[in-house]
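# Structure assessment
The residues making up each chain are set out below.
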Amino acid sequence: MKNSLKWISLSLLLSANIFAAPSKKLITIDSDAVNFSNKLFGQKMKAVKKVGGISLIEIDEDALLQLSHEMHEKFNRCGGYMLHDSLEDALASINAVEKRNFAKSAPFADYALTAEDEVTPLIGQVSEKNITNVIKKLSSYRNRYYKSETGLQAAKWISEKWASLVTNRSDASVELYQHARWKQPSVILTIKGESEETIIVGGHLDSIAGFWGRERAHAPGADDNASGIATITEIIRVLVETDFKPTKTLKFMGYAAEEVGLLGSKEIAAEMKAEGANIIGVMQLDMTNFKGSDLDIVMMTDYTNQQQNEFIGTLLDKYLPTVSWGYDRCGYGCSDHASWHGQGYPASMPFEAKKNDMNNNIHTSRDTIEQSRGGSNHAAKFAKLGLSFVVELDR
Ligand code: BES
Ligand code: ZN
């Protein structure tokens, strides 16, 4: 008798537990992950407070495990949140962030999205075929090494191509930016606006392979980085053909000598800084056409500006909702964004894959467009993203 009573009370207890409301937990989480988590968990989570880049969230205990999994998948963060056992503890933690953020610099631009009517039609104009043609042309040079004759010829070809796109525009000019220590120039296309505020989209134009004899080595550099230059070329074409007139000044850059230590971009960024240039945003496009990961676009978080990175995340969510994206790190100053970041300008680098899934054929004779099945499907996403970046920052 006693035993059966025990069983009844135990099963009552269990069933009560099943129907009881799940217990609530308090966590703090980076605000960039909140929108995304909201979609996933709906009723199971509620934002309590937001300070700087951190949000205090009340969430059902049973959703925590999945959150941690998603944070790892999408943001490459282990866990990705901090668990607090009381409201006091959570508030103390978030207020400490508030103090730290006080010293943080103000954003460089207004990151609200206000130009949907202009961005949407422009995005529709992006042509994969145009991107493919430029990749094929640039990878047909034996190499684009900073010291080689073909490296010089390739830079000249880019400047002529860009000049041909803006022949009817009196507000646009193309310049070969000469570097004193080597023969390959950088290429800069400027579309002047009414204001001095400047938006830059760039990528390196050189390529490299081998160790000895690099001046003669076969370095097609189709992905690294003919893809980035071809993506930028298509951004320029769409802006000009749709007669886009910027209010701010736009600069498109093909950097020389990146592969030997970011040399071209370092000189340009240092010179512009010395001149007091008012640069409000820089996007680096280096490797855009090899889809190595499940994620389409990966934002590098090191040597970049996190506020601008989050802005680019909002561009992706709004204008390219079928394109998946996340975050990763290079682990070092892996491309020209680091030159701008080093001068205190806000730079971002949306990349073609997670670092671990990177294209293993770069810096070899095998870096050809065939690695991307001969087309530019992946790079076209970056051209659309670049267009939305330019137009939204300009407005
Ligand atoms: N496109 C690469 C950078 C890269 C490679 C980024 C793989 C992410 C994954 C770039 O052209 C490059 O090769 N950079 C150099 C560093 C530079 C300071 C010489 C590199 O990564 O070795
Ligand atoms: Zn490279």
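Attention in this report is confined to the structure presented alongside it. (Residues numbered from 1 in each chain as written. Chains lettered and ligands numbered in written order. Predicted model: local features only at pLDDT ≥ 70, side-chain atom pairs only at ≥ 80, totals over all residues. Heavy atoms only, no water.)

### So, the site of ligand 1
Taken together, 17 residues form the shell around ligand 1, and within it E258, E259, D286, Y332 and H363 come nearest. Side-chain polar atom of E258 to an oxygen atom of ligand 1: 2.8 Å apart, as the coordinates give it. H363 is positioned with one of its side-chain polar atoms (N or O) 2.9 Å from an oxygen atom of ligand 1. Protein burial of ligand 1: of its 520 Å² of free accessible surface, 84% is covered by the chains. Looking at the shell around ligand 1 residue by residue, the class counts come to eight nonpolar, four polar and five charged. (Near = heavy atom within 4 Å. Polar contact = N/O pair within 3.5 Å; in protein donor to acceptor, adjacent residues only side chain to side chain. Areas by Shrake-Rupley, 256 points an atom, 1.4 Å probe, with all protein chains shown as cover. Nonpolar A, V, L, I, M, F, W, Y, C, P; charged D, E, K, R; others polar.)

### Comments concerning the pattern of salt bridges
Here the structure, examined in full by the defined rule, presents 16 salt bridges. For the salt bridge of E58 with K46, the shortest nitrogen-to-oxygen distance reads 3.9 Å. Here E58 is found in strand β3 (residues 54-60), whereas its partner K46 is found in strand β2 (residues 45-51), with twelve residues between them in sequence. Of the charged contacts, one joins D294 and K354 as a salt bridge, the two residues approaching to 3.7 Å between their closest N and O atoms. (Salt bridge = Lys/Arg side-chain N within 4 Å of Asp/Glu carboxyl O. Helix = DSSP H or I, 4+ residues; strand = E, 2+ residues; numbered from the N terminus.)

### With respect to the state of the cysteines
The tally for this structure, following the rule as stated, stands at one disulfide. Shown here is the disulfide that connects C330 with C334, its sulfur atoms set 2.2 Å apart. Residues C330 and C334 are joined through a disulfide that is right-handed, its torsion about the S-S bond being 75 degrees. One exposure class covers both C330 and C334, and it is buried. (Disulfide = S-S within 2.5 Å. Buried < 20%, exposed > 50% of the residue type's maximum accessible area, 1.4 Å probe, protein only.)

### Points about the coordination of the zinc ion (ligand 2)
Around a metal, the idealised angle for a tetrahedral arrangement of four donor atoms is 109.5 degrees; for an octahedral arrangement of six donor atoms it is 90 or 180 degrees. Within the protein, the atoms that donate to the zinc ion (ligand 2) are D224 (OD), E259 (OE), E259 (OE) and H363 (NE2), at distances of 2.0 to 2.3 Å. Each of the six donor atoms around the zinc ion (ligand 2) contributes to a set of angles spanning 59 to 157 degrees, which defines the coordination as irregular. Within one chain, the residues serving as donors to the zinc ion (ligand 2) are arranged as D-x34-E-x103-H. Of this pair, E259 sits in the loop between β8 (249-255) and α9 (263-274) while H363 sits in the loop between β13 (350-351) and α12 (377-394), and the two are 104 residues apart along the sequence. According to the relative accessible area criterion, E259 is buried, its value standing at 17%. (Donors = N, O, S within 2.8 Å, 3.2 Å for Na, K, Ca; no water. Tetrahedral: all angles 85-135°; square planar, octahedral: opposite > 155°, others 65-115°.)

### Comments concerning unusual backbone geometry
Following D224, the chain continues to N225 via a peptide bond in cis, the omega torsion being 0 degrees. Note that N225 resides in helix α8 (residues 222-241). Even without being a glycine, L262 presents a positive backbone phi close to 60 degrees. Turning to its location among the elements, L262 is positioned in the loop between β8 and α9.

### Concerning the environment of V34
Summarising the element assignment, V34 is placed in helix α2 (residues 34-41). Among the residues examined, V34 registers a relative accessible area of 9% and is labelled buried. Once residues within four sequence positions are removed from consideration, V34 is found in contact with I29, M45, S55 and I57. (Contact = heavy atoms within 4.5 Å.)

### A word on the side chain of N289
For N289, the position within the fold is in the loop between β9 (279-284) and β10 (297-300). If near-sequence neighbours (up to four positions away) are discounted, N289 is found in contact with I135, D223, S227, E352, I369, S372, G375, S376, N377, H378 and A379.

### Quick word on the packing of aromatic side chains
For the structure shown, the criterion picks out seven aromatic pairs. Arranged with centres 6.1 Å apart and planes meeting at 45 degrees, the rings of F311 and F389 form a pair that is tilted. Residue F311 is located in helix α10 (residues 306-319), and its partner F389 is located in helix α12; the two are separated by 78 residues in the primary sequence. Owing to a relative accessible area of 0%, F389 belongs among the buried residues under this scheme. Linked through ring pairs, Y111, F311 and F389 together constitute an aromatic cluster. Above the face of the Y345 ring, K273 is positioned so that its terminal group lies 5.6 Å from the ring centre. (Phe/Tyr/Trp six-rings, centres within 6.5 Å; stacked < 30°, edge-to-face > 60°. Lys NZ or Arg CZ within 6 Å of the ring centre and 35° of its normal.)

### With respect to the packing of helix α5 (residues 116-123) against α12
For any two helices packed against each other, one specifies the inter-axial angle together with the distance between the axes. Across the interface, α5 lies against α12 with an axial gap of 9 Å and an inter-helix angle of 155 degrees. With respect to their mutual orientation, α5 and α12 come out roughly antiparallel. At the point where α5 passes α12, the crossing takes the right-handed sense. Of α12, the residues touching α5 (which contributes E116, E118, V119, L122 and I123) are K384, L387, S388, V391 and E392. In terms of residue class, the contact of α5 with α12 is made up of five nonpolar, one polar and four charged. (Axes fitted to C-alpha atoms, helices over the stretch in contact; angles between N-to-C directions. Parallel < 35°, antiparallel > 145°, perpendicular 65-115°, else oblique. Left-handed = near helix turned anticlockwise from the far one by under 90°.)

### Describing the pairing of strand β11 (residues 325-328)
Here β11 shows a buried face lined by W325 and Y327 and a second buried face lined by G326 and D328. Inspection of the sheet shows β10 paired to β11 by four bridges, in the parallel sense. Bridging across to β11, I297 finds its partner in W325. Crossover connection from β10 via α10 to parallel β11: handedness right-handed. (Pairing = 2+ DSSP bridges. Right-handed = clockwise from strand over helix to strand, strands pointing away.)

### Regarding the pairing of β9
Within a regular strand, the side chains alternate between the two sheet faces. Taking burial as the measure, the six residues of β9 include six buried ones, the bulk of the element. As judged from the five bridges shared by strand β7 (residues 198-204) and β9, these two strands associate in the parallel manner. Each residue of the ladder has a partner; that of V201, found in β9, is M283. In the sheet, β9 pairs with strand β12 (residues 347-348) via two bridges, with the strands oriented parallel. By the bridge assignment for β12, V282 is matched with A347.

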